[in-house]
Amino acid sequence: MRPMTRRSALVSGAALASTAVLSSCGGSDDDAETLDKIANPDENINPEGMPIVDEQVTITFMSARPTTTAEDWNDVSAVKAAEELTNVHVDFGLVPQDGAAERRNLALTSGDYPEAFYRTGLGTGDIAKYGEQGTFIPLNDLLDEYMPNLTAILDDNPSIREGLTFPDGNIYTLPQIYDPEFLGMRYMFKLWARQDWLDDFGMDAPETLEEYEAYLEEAVGTIDGAIGLADAVNLNDALACFYGSFGVANKGTAAGPVDLDPDTGKVRYFPITDDYRELMEYLHGLYSKGLILDDIFASDRAKFNTYGTDGQLASCATQTPAGFFGEEGESYIPLRPLTRNADDEPVWHAVRSELAGIGQFAMTDRCEHPIELARWMDFWFSEEGARMFFMGVEGESFEDVDGRYELLPEITDGKSIDDGLKPHALYMGGSYPGWATDEWFRGVENTPQSIEGSELVSEYAIDDVWSAFTFTAEESDMLASVGTDLGKYLDESRSAFITGQLPLSEWDTFVTTLEDIGLSDFMEAQQAAFDRRQ
């Protein structure tokens, strides 16, 4: 039997405490068995270094597979290399990304679930619910004792740890992290205009809302087939680019429709503010003049790319026009944050939290190998593991060129980056637990044009950016119904305001309807979550 060390004593004490908590929450025998495995590591486990285990173990997942990834992840060179290094084999249990949430929920409600859920998009409500029930294992002690790579990142970025921690003090899931200095990810969507058209019109790059509207009017009025403003997702990306101009979403985009009221210091629902109404008025004005794509709320990425490739878009909101429109996209320049008045200070609110997501990995109480799994997951948060996750294996898909990691020419020869990396890396399709930096992420967000735009808006960006709030199971139950209904009505009303189907004279009715749906309960939960963070 392995002797009692300081490490095992610490974990044993923590496990006993956790068992008591889980019992009070209705935890099952599986909880105690898993926690006992954490408290009493098997002789097969190496607590540090590689391999993780002397004799290979297999761990079962349910994993949502984006269509942009390989059909069998165990054939991916990064996964094969990781297995050789760690001696841990993962049965990924791949299911199509479309419908994965339904499969996951069915597994949880039936009790027939795997050792871990991977990339299935767990919402904060389910995390709170199944965490409090004991289905999801708290990872606090595993992080402290067996996950040094991720722990180091959390120590360097306390806001990430804060955003992962639930009201009961536990961390149940692992994060999707954008390095704070990765500008292309933090400032993903920018507003762009065509420099060649500006030159033809004798115009400077617009700096005010009025100048921007004048540019769109000139383009649509003088160039045959020109479209004013468009984006790929129902004007969502463009909307965020105007948040700073109108003083809403002043804590970034991750917290959804809430920000901080500058007058009261309380959380507010900014879609009912006068500033948001003025934003709706401005966008309706553009739409009514034919300066926004007519069917913008029925468009999609394919149509958007076609319009751009055909040279029809005067302006767009995207990561990088050149990344989607090819040579035609090189004509675009990024715009600094637009202001309402010429003497206003520009400010940029479309800033993404460094904690991009929290619901892409959870360990369940069925986990037979919790320490092994924790160490395997931690590998992907090391520099070596993160590089492999995003770029594959050195020599097979990338190489070191004068201190910078570059994809091999054959990876992108006649193919997109995603297609070229499909046999080698796993990040494609997004929604992963992992650590993205500009050192090893090679998507469109890290191309020169994207970085140029990100650097421009970063000069005007807010400093204090919220990650999404976490809630108790009780709060989450309410938000699952009320929050969903509010969001649906807000989306419908926004598109109706912009297109004119709902006149802005009906604004008071819009606000009253939100209140009738349950806005006060929604905001009570948001304020409670904010207060806990303070």
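Our subject is the structure that appears above.
Summary of the structure given here. Since we're looking at a predicted model, the values are computed, not measured. Just so you know, the residues in each chain are numbered from 1, in the order the chain's sequence is written. Reporting in this predicted model follows two pLDDT cut-offs: at least 70 for local features of residues, and 80 or more for side-chain atom pairs to be given and counted; totals over whole chains, interfaces and linings ignore these cut-offs and use all residues. Excluded from the side-chain calculation are hydrogens and water; included are all heavy atoms of the structure.

Let's talk about the overall build of the protein
Line of reasoning, step 1. A helix here means a DSSP run of H or I that spans at least four residues, while a strand means a run of E at least two residues long, and both kinds are numbered starting from the N terminus. A count of helices and strands for the protein gives 24 helices and 16 strands.
Line of reasoning, step 2. The globule rule used here is 2.2 Å times the number of residues to the 0.38 power, and the radius of gyration it is set against is calculated over C-alpha atoms. Since a compact globule built from 534 residues should have a radius of gyration of about 24 Å, the 25 Å found for the protein is in line with a globular shape.
Line of reasoning, step 3. Viewed in the frame of its principal axes, the protein has a C-alpha envelope of about 80 × 55 × 40 Å.
Line of reasoning, step 4. The buried label applies to any residue whose accessible area, calculated with a 1.4 Å probe on protein chains only, is under 20% of its type's maximum; exposed applies above 50%, and partly exposed to all values in between. Taking all 534 residues of the protein together, the buried fraction comes to 54%.
Line of reasoning, step 5. For the area figures, the Shrake-Rupley method with a 1.4 Å probe applies, and any residue is considered shielded solely by the protein chains shown. Carbon and sulfur atoms make up 45% of the accessible area of the protein, which amounts to about 22100 Å² in all.

Remarks on the pairing of strand 15 (residues 404-407)
Line of reasoning, step 1. Burial along strand 15 is one-sided: the face carrying Tyr405 and Leu407 is buried and the face carrying Arg404 and Glu406 is not.
Line of reasoning, step 2. Bridge count between strand 14 (residues 398-401) and strand 15: four bridges; the pairing is antiparallel. By the bridge assignment for strand 15, Asp400 is matched with Tyr405.
Line of reasoning, step 3. As consecutive antiparallel partners, strand 14 and strand 15 are separated by two residues, and within that stretch Asp402 has a phi angle of approximately 50°, a positive value. Two strands are said to pair when DSSP picks up at least two bridges between them.

What about the pattern of salt bridges?
Line of reasoning, step 1. Only one rule defines a salt bridge in this text: a Lys or Arg side-chain nitrogen within 4 Å of an Asp or Glu carboxyl oxygen. For the structure on display, the rule yields 16 salt bridges.
Line of reasoning, step 2. Between Arg104 and Asp126 there is a salt bridge; the shortest N-O distance is 3.6 Å. Linking Arg104 in helix 4 (residues 100-110) with Asp126 in helix 5 (residues 124-133), this pair joins segments that are 22 residues apart in sequence.
Line of reasoning, step 3. For Asp126, a relative accessible area of 22% puts it in the partly exposed group.
Line of reasoning, step 4. Lys251 is paired through a salt bridge with Asp464; the nearest N and O atoms lie 2.9 Å apart. Separated by 213 residues along the polypeptide, Lys251 in the loop between helix 13 (243-246) and strand 8 (258-260) and Asp464 in the loop between helix 21 (448-458) and helix 22 (473-499) bring together distant segments of the chain.
Line of reasoning, step 5. Here Lys251 falls in the buried class, since its relative accessible area comes to 14%.

Brief notes about the packing of helix 14 (residues 274-288) against helix 22
Line of reasoning, step 1. Axes, fitted as lines to C-alpha atoms, cover a helix only where it is in contact. Angles between the N-to-C directions of the axes lie from 0 to 180 degrees. As a packed pair, helix 14 and helix 22 sit with axes 7 Å apart at the nearest point and diverge in direction by 50°. Compared by their axis directions, helix 14 and helix 22 come out oblique. Taking contact as the criterion, the partners of Tyr276, Met280, Leu283, His284 and Tyr287 in helix 14 are, on helix 22, Leu490, Arg494, Phe497, Ile498 and Thr499. An angle below 35 degrees is read as roughly parallel, one above 145 as roughly antiparallel, one from 65 to 115 as roughly perpendicular, and any other as oblique. Contact criterion: two residues are considered in contact whenever any of their non-hydrogen atoms come within 4.5 Å of each other.

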